[in-house]
Amino acid sequence: MIAQIAVGVVVGCLGYAYFAIQPQPPKICGTPGGPPVTSPRVKLDDGRHLAYKERGVSKEEAKHRIIISHGFDDSKDFNINLSDELLKELGIYILSFDRAGYGESTPNPARSVKSEAFDIQELADKLGLGPKFYVVGVSIGAYPTYSCLKYIPHRLSGAALVVPFVHYWWKGVPAKLLKEALGTLPVSDQWTFRVAHYAPWLFNWWMTQKWFTNLSIMQGILDVFCRSDLEIIKQLSATPKEGQEKVRQQGVHECLHRDLMVGFGNWEFGPTDISDPFPNKDGPVHLWQGYEDRYIPYKLNRYLSEQLPWIKYHEVPDAGHLLLYNATLCEAIFRALVSS
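Under an unreviewed UniProt entry, the protein chain has the name AB hydrolase-1 domain-containing protein and belongs to Salvia divinorum.

Pasting the structure below:
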């Protein structure tokens, strides 16, 4: 009897563990039972769709065509603090899109750092942007930009990395520096990133269990934001954020969880492995870092810029992780990109 009970307990625990680590199946946009399609989309060669949004002058008239890769828990609809007058003055066409699994873009279970670059390239080609375009990566949306710099540099007119994501297990970066940078984060975030890196198969359980705090930003904990960030959050909260209700509509695993698993997974390269994408000086790469950013430690991005002299490094005093929402800084970022 005792042996039977023990076996039953073990089987029950294993069954619980199995179901705990399995994510809920996504509700695919445009399929029966899934959310409706309300935005323009392109169909990729593998059958997936990418939803997109266009701003600025028409792509036919534009002097500069820019593709923006949005950040964590965001979408193509995020507010770019640029006036129509400025976009017209500079001749800028902006294309933002929902990265795989976000908003109305089909999830990609095979998503990788490399696949992000080729999603961007195919999106540009499907929409007829021409042989070259700029890419801008914001926060965790910077790893697709690094991917573009690595895999499709011949398609780029320039790139901007804005408060860019850092990986605490990047090769080519001193382990001591990485460890110190990781140690500046809340303990719950440190463990979340460790699970994403070392045990991605366990990540769904980690992000859905109630015993331990996981990612602080998803728990509404604002300690990771500096004073200027908190002021921006207060301003943004005064008006509803366009499209925010669609960000997770296909399921949190295929957007938020997979974003972290891919970002903190094992890359095929490190930033220091990237060769100068513009050896003929025919395009710029800018990196914008807030000195007060508590979420992206400035020391790591400062180090990368020192190792990669082709990066034009901008360290902004008194600015934090949300510096792109500062109208003056946002204009400076885009002016620098297209004027270099």
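**Q** If you had to explain the overall build of the protein chain to someone new, which residues and values would you point to?
**A** The number of helices and strands found in the protein chain is eleven helices and eight strands. The C-alpha atoms of the protein chain give 21 Å as radius of gyration, which agrees with the globular expectation for 340 residues (20 Å, within 12%). In terms of principal-axis extent, the alpha carbons of the protein chain reach across some 80 × 50 × 40 Å. Looking at the protein chain as a whole, 55% of its 340 residues qualify as buried. By sequence separation, contacts in the protein chain at least 24 residues apart represent 76% of the contacts at least 6 residues apart. A total accessible area of about 15,700 Å² is found for the protein chain, and carbon and sulfur atoms account for 57% of it.

**Q** Before we move on, can you summarise the UniProt feature "domain: AB hydrolase-1" (unreviewed entry) in the protein chain with the specific residues and values?
**A** The UniProt record marks residues 67-325 with the feature "domain: AB hydrolase-1" (unreviewed entry), using the residue numbering of this structure. Helix makes up 35% of residues 67-325 and strand 13%, with an end-to-end C-alpha separation of 18 Å.

**Q** Lay out the pairing of strand β5 (residues 133-138) with the relevant residues and their values.
**A** Within β5, six of the six residues are buried, leaving the element largely enclosed by the surrounding structure. The alternating pattern of β5 places Phe-133, Val-135 and Gly-137 and Tyr-134, Val-136 and Val-138 on opposite faces, both of which are buried. Alignment of strand β3 (residues 64-69) against β5, held across four bridges, turns out to be parallel. Within β5, the residue paired with Ser-69 across the bridge is Gly-137. Summarising the sheet, β5 and strand β6 (residues 156-162) pair through six bridges and their orientation is parallel.

**Q** Give a detailed account of helix α8 (residues 227-236), specifying residues and quantitative values.
**A** Within the sequence span of α8, burial applies to Ser-228, Asp-229 and Ile-232. Summarising the axial view, the buried residues of α8 lie within an arc of 100 degrees, below the 170-degree limit, and thus occupy one face. Those residues of α8 that are exposed and aimed more than 90 degrees away from the buried face are Arg-227 and Lys-234.

**Q** An account of the pattern of salt bridges is needed here, citing residue identities and associated values.
**A** A complete count under the given rule lists 24 salt bridges for this structure. In this structure, Asp-73 engages Arg-248 in a salt bridge whose closest nitrogen and oxygen atoms are separated by 2.7 Å. Residue Asp-73 is found in the loop between β3 and α2 (84-90), and its partner Arg-248 is found in the loop between α8 and α9 (252-263); the two are separated by 175 residues along the sequence. Residue Asp-73 is classed as buried on the basis of its relative accessible area, which comes to 16%.

**Q** I'd like to hear about the environment of Gln-24, residue by residue, with values.
**A** Within the secondary structure, Gln-24 sits in the loop between α1 (2-21) and β1 (41-43). Between the alpha carbons of Gln-24 and Gly-251 there is a distance of 7.4 Å; along the sequence they are 227 residues apart.

**Q** Any details on the pairing of β6? Residues and values, ideally.
**A** Successive side chains on a regular strand alternate, one facing one side of the sheet and the next facing the other. For β6, the buried fraction is high: seven of the seven residues fall into the buried class. A crossover connection joins β5 to the parallel β6 through helix α4 (residues 142-151); in handedness this β-α-β unit is right-handed. With four bridges connecting them, β6 and strand β7 (residues 285-290) associate as parallel partners. Residue Val-162 lies in a different strand from β7, and its bridge partner there is Trp-288.

**Q** Would you mind going over the packing of aromatic side chains in detail, with residue names and values included?
**A** Within the structure shown, the criterion is met by 21 aromatic pairs. With a centroid separation of 6.3 Å and 85 degrees between ring planes, the pair formed by Trp-169 and Phe-264 is classed as edge-to-face. One end of the pair, Trp-169, is in the loop between β6 and α5 (175-183); the other, Phe-264, is in the loop between α9 and β7, with 95 residues separating them in the sequence. What makes Trp-169 partly exposed here is its relative accessible area of 21%. For Phe-264, a relative accessible area of 3% gives the class buried. Pairing Trp-170 with Trp-267 gives two aromatic rings, centres 5.5 Å apart and planes at 85 degrees, and the pair type is edge-to-face. Residue Trp-170 is found in the loop between β6 and α5, and its partner Trp-267 is found in the loop between α9 and β7; the two are separated by 97 residues along the sequence. On the accessibility criterion, Trp-267 (11% relative accessible area) is buried. The positively charged end of Arg-194 is found above the aromatic ring belonging to Trp-191, 4.9 Å away from the centroid.

Quick notes on the rules
- Residues numbered from 1 in each chain as written.
- Predicted model: local features only at pLDDT ≥ 70, side-chain atom pairs only at ≥ 80, totals over all residues.
- Heavy atoms only, no water.
- Helix = DSSP H or I, 4+ residues; strand = E, 2+ residues; numbered from the N terminus.
- Rg over C-alpha atoms; globule rule 2.2 N^0.38 Å.
- Buried < 20%, exposed > 50% of the residue type's maximum accessible area, 1.4 Å probe, protein only.
- Contact = heavy atoms within 4.5 Å.
- Areas by Shrake-Rupley, 256 points an atom, 1.4 Å probe, with all protein chains shown as cover.
- UniProt positions renumbered as here; feature names shortened; annotations may be inferred.
- Pairing = 2+ DSSP bridges.
- Arc of directions from axis to C-beta.
- Salt bridge = Lys/Arg side-chain N within 4 Å of Asp/Glu carboxyl O.
- Right-handed = clockwise from strand over helix to strand, strands pointing away.
- Phe/Tyr/Trp six-rings, centres within 6.5 Å; stacked < 30°, edge-to-face > 60°.
- Lys NZ or Arg CZ within 6 Å of the ring centre and 35° of its normal.

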